[in-house]
Amino acid sequence: MSFELNENQEMIAQMIRDFGAKEITPYRNEWDEKQFFPLELFKKLGELGLMGVLVPTEYGGSGFGYLEYVTAIVELSKLDPGVGLSMAAHNSLCTGHIMMFGSEEQKQKYLPKLATCEMLGAWGLTEPNTGSDAGNMRTVAIKDGDHYVINGAKNFITHGVSGDVAVVIARTGEVGDSHGMTAFVIEKGTAGFRGGRKEDKLGMRCSETAEMIFEDCRVHESQVLGEVGEGFIQSMKILDGGRISIAALSLGIAEGALDASLAYSKERQQFNQPINRFQGIAFKLADMATETEAARLLTFKAADLKNRGVKVTLASAKAKYYASEVAVRNANEAVQIFGGYGFTKDYPVEKYYRDAKLCTIGEGTSEIQKLVISREVLK
């Protein structure tokens, strides 16, 4: 594994910096305040190839690997973590599920449109009463001839209202049976399928989070992804990659908070000298820099393993757990370094502070990651 960015990573990072200076930074506070989902921004990201980073070129994607993908999420998340979150969810969850388990016909139908963001993707596993307890999901799909009739609801779904196509996991067998759930790909406009309430969130406010509701929604059996009964097993494999996405999102926040703190500590004067001359500030910066580097190494190691087709359950859980905790700590320390100004919206660190907390919750809490890690190391 190389510790230097490759040529593609350098190109992607610079492209996002240039694009973000014009299209993201000037508007992020307004999006955050109004909880506005900037759909047109993601259309532009699609034109840049960032909504299909991992999609092979034969399906209209960029054809890159996980190193380039992680780099893109990190750079977007430095600018606005909510943008990084939506880009990651579209790529790794909805698009990734179809890419990994879809038939050739399904890939040909959906991947080119997802790669350009002609279609925005959503992915539905979580329910109001079954977050990590997916075996007890209440969204049920009952076979009726050559169709399935789906009833139930999903919540905390990225792009639950605005998504054009969703991969949805529904129970087709007995409660608690890991082989009793099936994945379906369902398009917006399908009768009985609609978006529900949009969540009013603490952070990541420009990334849409909402319910998806199914009321006698008839889905043809051709919309099943993979085999009937394999939806939960598929989802666990998808979440292995999803953890890398959240690790990258966390890393972007951690780096953004560190960069802002370094710059401010050089500019802010107290007692006729910059505040980074004081050990109380310098030691904070040292801790932030060291932990950020460790998070970067864990995240890119997981990405490298994913590229090589190695099982990444342990590596992705470690990266997600550690990087998300570092994001929270860095954001907290950044607010401390900025002092009273860190509590205002004049500087980006208060937004990093609010956005970071989701990273310890999304794709499984830190406690769940520790459970995954312990199970893997004890095998």
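This text follows the structure it describes.
Residues numbered from 1 in each chain as written. Predicted model: local features only at pLDDT ≥ 70, side-chain atom pairs only at ≥ 80, totals over all residues. Heavy atoms only, no water.

Draft legend 1. Representation of unusual backbone geometry in the model. Here the phi dihedral of aspartate 216 falls at roughly 50°; this positive angle occurs in a residue that is not glycine. Relative to the helices and strands, aspartate 216 is located in strand 7 (residues 209-220). Residue aspartate 216 is classed as exposed on the basis of its relative accessible area, which comes to 55%. Phi angles above zero are rare outside glycine, and phenylalanine 271 is one such case at about 55°. (Helix = DSSP H or I, 4+ residues; strand = E, 2+ residues; numbered from the N terminus. Buried < 20%, exposed > 50% of the residue type's maximum accessible area, 1.4 Å probe, protein only.)

Draft legend 2. Region of interest: the packing of helix 4 (residues 66-79) against helix 5 (residues 81-101). Contact geometry for helix 4 and helix 5: axes closest at 6 Å, N-to-C directions at 150°. Classified by the interaxial angle, the pair formed by helix 4 and helix 5 is roughly antiparallel. Contacts between helix 4 and helix 5 involve Tyr69, Ala72, Ile73, Leu76, Ser77 and Leu79 from the former and Pro81, Val83, Gly84, Met87, Ala88, Asn91 and Ser92 from the latter. A breakdown of the residues in the contact of helix 4 with helix 5 according to their chemical character gives nine nonpolar, four polar and no charged. (Axes fitted to C-alpha atoms, helices over the stretch in contact; angles between N-to-C directions. Parallel < 35°, antiparallel > 145°, perpendicular 65-115°, else oblique. Contact = heavy atoms within 4.5 Å. Nonpolar A, V, L, I, M, F, W, Y, C, P; charged D, E, K, R; others polar.)

Draft legend 3. Molecular detail of helix 3 (residues 39-47). All of the buried residues in helix 3 are Leu41, Phe42, Leu45 and Gly46. One side of helix 3 carries all its buried residues, which in axial view fall inside an arc of 150°. Those residues of helix 3 that are exposed and angled more than 90 degrees off the buried face are Glu40 and Glu47. Tucked inside the fold, the buried residues of helix 3 contact helix 1 (7-23), helix 2 (28-34), helix 4, helix 5 and helix 6 (104-115). Once helix 3 finishes, glycine 49 follows within two positions and takes phi at roughly 90°, a positive value. (Arc of directions from axis to C-beta.)

Draft legend 4. Structural context of the packing of helix 7 (residues 231-267) against helix 9 (residues 313-338). Following both chains from N to C, one finds helix 7 and helix 9 inclined at 25°, their axes separated by 7 Å at the closest point. Taken together, helix 7 and helix 9 sit at an angle that is classed as roughly parallel. Both helix 7 and helix 9 take part in a crossing whose hand is left-handed. Taken together, the residues of the contact of helix 7 with helix 9 sort by class into 18 nonpolar, six polar and three charged. (Left-handed = near helix turned anticlockwise from the far one by under 90°.)

Draft legend 5. Molecular detail of the packing of aromatic side chains. Within the structure shown, the criterion is met by 10 aromatic pairs. Here the aromatic rings of tyrosine 341 and tyrosine 347 are separated by 6.0 Å at their centres, their planes lie at 70°, and the arrangement is edge-to-face. Judged by relative accessible area, which is 30%, tyrosine 347 ranks as partly exposed. Of note, lysine 143 hangs over the ring of tyrosine 148, and the distance from its end group to the ring centre comes to 5.4 Å. (Phe/Tyr/Trp six-rings, centres within 6.5 Å; stacked < 30°, edge-to-face > 60°. Lys NZ or Arg CZ within 6 Å of the ring centre and 35° of its normal.)

Draft legend 6. Molecular detail of the side chain of glutamine 35. In this structure, glutamine 35 sits in the loop between helix 2 and helix 3. Engagement of the side chain of glutamine 35 in a polar contact is seen with the backbone oxygen of glutamate 199, the distance being 3.5 Å. Here the side chain of glutamine 35 touches aspartate 200 through a polar contact of 3.3 Å, side chain to side chain. Aside from chain neighbours lying at most four places away, what touches glutamine 35 is Lys198, Glu199, Asp200, Lys201 and Arg205. (Polar contact = N/O pair within 3.5 Å; in protein donor to acceptor, adjacent residues only side chain to side chain.)

Draft legend 7. The arrangement of the nonpolar core in detail. Judged by nonpolar contacts, the single largest core of 66 residues is most densely connected at Ile24, Leu45, Tyr69, Val83 and Met87. For this core, the elements supplying multiple residues, two or more each, are helix 1, helix 3, helix 4, helix 5, helix 7, helix 8 (279-307), helix 9 and helix 10 (349-359). Per-element tally for this core: the top contributor is helix 7, with 12 residues. Once residues within four sequence positions are removed from consideration, methionine 87 is found in contact with Phe42, Leu50, Met51, Val53, Tyr69, Ala72, Ile73 and Leu76. Ranked by size, the runner-up nonpolar core spans 26 residues in total, among them Phe101, Tyr110, Met119 and Leu225. (Core = buried A, V, L, I, M, F, W, Y, C linked by side-chain atoms within 4.5 Å.)

Draft legend 8. The arrangement of the pattern of salt bridges in detail. For the structure shown, the criterion picks out 24 salt bridges. We note a salt bridge from aspartate 32 to arginine 354, for which the minimum N-O separation is 2.8 Å. With aspartate 32 in helix 2 and arginine 354 in helix 10, this pair connects stretches of sequence that are 322 residues apart. When its relative accessible area of 5% is taken as the criterion, aspartate 32 is described as buried. Relative accessible area serves as the criterion here: at 14%, arginine 354 is assigned to the buried category. (Salt bridge = Lys/Arg side-chain N within 4 Å of Asp/Glu carboxyl O.)

Draft legend 9. Inspection of the pairing of strand 2 (residues 140-144) at higher detail. One ladder, built from five bridges, connects strand 2 with strand 3 (residues 147-158); its direction is antiparallel. Of the residues in strand 3, the one forming a bridge with alanine 141 is isoleucine 150. With antiparallel pairing between neighbouring strands as the criterion, strand 2 and strand 3 make up a hairpin whose turn holds two residues, including glycine 145 at a positive phi of roughly 70°. (Pairing = 2+ DSSP bridges.)

Draft legend 10. Region of interest: the environment of leucine 249. By the secondary structure assignment, leucine 249 is in helix 7. Remark: the alpha-carbon pair of leucine 249 and isoleucine 12, spanning 237 residues in sequence, is separated by 16 Å. Leucine 249 has contacts with Ile73, Ser77, Pro81, Gly84, Leu85, Met204 and Cys359, leaving out every residue within four places of it along the chain.

Draft legend 11. Looking closely at helix 9. Over its 26 residues, helix 9 runs 37 Å from end to end, which matches the ideal 38 Å to within 8%, given 1.5 Å per residue. Remark: glycine 339 follows helix 9 within two positions and exhibits a positive phi of approximately 65°. (Expected span 1.5 Å × (residues − 1).)

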